[in-house]
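Architecture and fold: a report
Each chain, letter by letter, is given below.
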Amino acid sequence: QVQLVESGGGLVQAGGSLRLSCAASESTLRFNVMGWYRQVPGNQRELVAAIGNGGGTSYADSVKGRFTISRDNAKNTVYLQMNSLKPEDTAVYYCNAERYYPLMGAYWGQGTQVTVSS
């Protein structure tokens, strides 16, 4: 059983910042990749940022230069620092964790709402 719990969402004005946290029920080192996705009603869930267990990161073009994903393995937590927020960033943000061995597994948090007003 793996649980991921997101926190830190809320309402901010355009140009503001939020920091999302994802607390995992086990060591983040036991996942090959962790990341953040977002989804708005009627749309597909899209990848925002990801971090490998070696520290490598990747970002969606729409958030490059504004968002930063990081990990604190000692706290079993992944963060998403979101700066210069835009109204189009409004979505439910989900934490994701993937493990490839000994068995493949993909896990999701419940999501946290981020709303950016213009």
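Preceding block: the structure.
The notes below deal with the structure included here. (Residues numbered from 1 in each chain as written. Predicted model: local features only at pLDDT ≥ 70, side-chain atom pairs only at ≥ 80, totals over all residues. Heavy atoms only, no water.)

This part covers the overall build of the protein chain. Helix and strand counts for the protein chain stand at 0 helices and 11 strands. Along the chain direction, N to C, the helices and strands of the protein chain fall in the order β-β-β-β-β-β-β-β-β-β-β. In terms of C-alpha radius of gyration, the protein chain reaches 14 Å, essentially the compact-globule figure of 13 Å for 118 residues. Dimensions of the protein chain along its principal axes, counting C-alpha atoms only, are 45 × 25 × 25 Å. Counting all 118 residues of the protein chain, 41% fall into the buried class. Considering only intrachain contacts with a sequence separation of at least 6, the fraction spanning at least 24 residues in the protein chain is 54%. Roughly 6200 Å² of accessible area belongs to the protein chain as shown, and the carbon and sulfur atoms make up 48% of that amount. Here the protein chain carries 10 positive and 8 negative side-chain charges, and the mean point of each set is 4 Å from the other. (Helix = DSSP H or I, 4+ residues; strand = E, 2+ residues; numbered from the N terminus. Rg over C-alpha atoms; globule rule 2.2 N^0.38 Å. Buried < 20%, exposed > 50% of the residue type's maximum accessible area, 1.4 Å probe, protein only. Contact = heavy atoms within 4.5 Å. Areas by Shrake-Rupley, 256 points an atom, 1.4 Å probe, with all protein chains shown as cover. Lys, Arg positive; Asp, Glu negative; His and termini not counted. Charge placed at Lys NZ, Arg CZ, Asp CG, Glu CD.)

In this structure, Leu4, Met34, Trp36, Phe67, Leu80, Met82 and Tyr93 are the most contacted members of the largest nonpolar core, which totals 27 residues. Among the secondary structure elements, those contributing two or more residues to this core are strand E3 (18-24), strand E4 (33-39), strand E5 (46-52), strand E7 (67-72), strand E8 (77-82), strand E9 (91-99) and strand E11 (112-117). When near neighbours in sequence (up to four residues on either side) are disregarded, Leu80 contacts Leu18, Arg19, Leu20, Trp36, Val48, Ala49, Phe67, Thr68, Ile69 and Tyr93. (Core = buried A, V, L, I, M, F, W, Y, C linked by side-chain atoms within 4.5 Å.)

Turning our attention to the pattern of salt bridges. One pass over the full model with this rule turns up 6 salt bridges. Glu26 is paired through a salt bridge with Arg30; the nearest N and O atoms lie 3.2 Å apart. Among the ionic contacts, a cluster of salt bridges with common partners joins Arg38, Glu46, Arg66 and Asp89. (Salt bridge = Lys/Arg side-chain N within 4 Å of Asp/Glu carboxyl O.)

To continue, consider the environment of Ser117. One can find Ser117 in strand E11. Between the C-alpha atoms of Ser117 and Gln13, which are 104 residues apart in sequence, the distance is 4.8 Å.

This part is about a nonpolar patch on the surface. Among the surface-exposed residues, Tyr100, Tyr101 and Met104 lie close enough to one another that they form a single nonpolar patch of about 400 Å² accessible area. With respect to the helices and strands, Met104 occurs in the loop between E9 and strand E10 (105-108). (Patch = residues over 30% accessible without salt bridge, like charges linked within 9 Å, V, L, I, M, F, W, Y side chains within 5 Å.)

What follows is about the side chain of Thr28. Within the secondary structure layout, Thr28 lies in the loop between E3 and E4. Within polar-contact distance, the side chain of Thr28 engages the side chain of Asn73 at 2.5 Å. With residues up to four places along the chain from it excluded, the contact list for Thr28 reads Met34, Arg71, Asp72, Asn73, Asn76, Thr77 and Val78. (Polar contact = N/O pair within 3.5 Å; in protein donor to acceptor, adjacent residues only side chain to side chain.)

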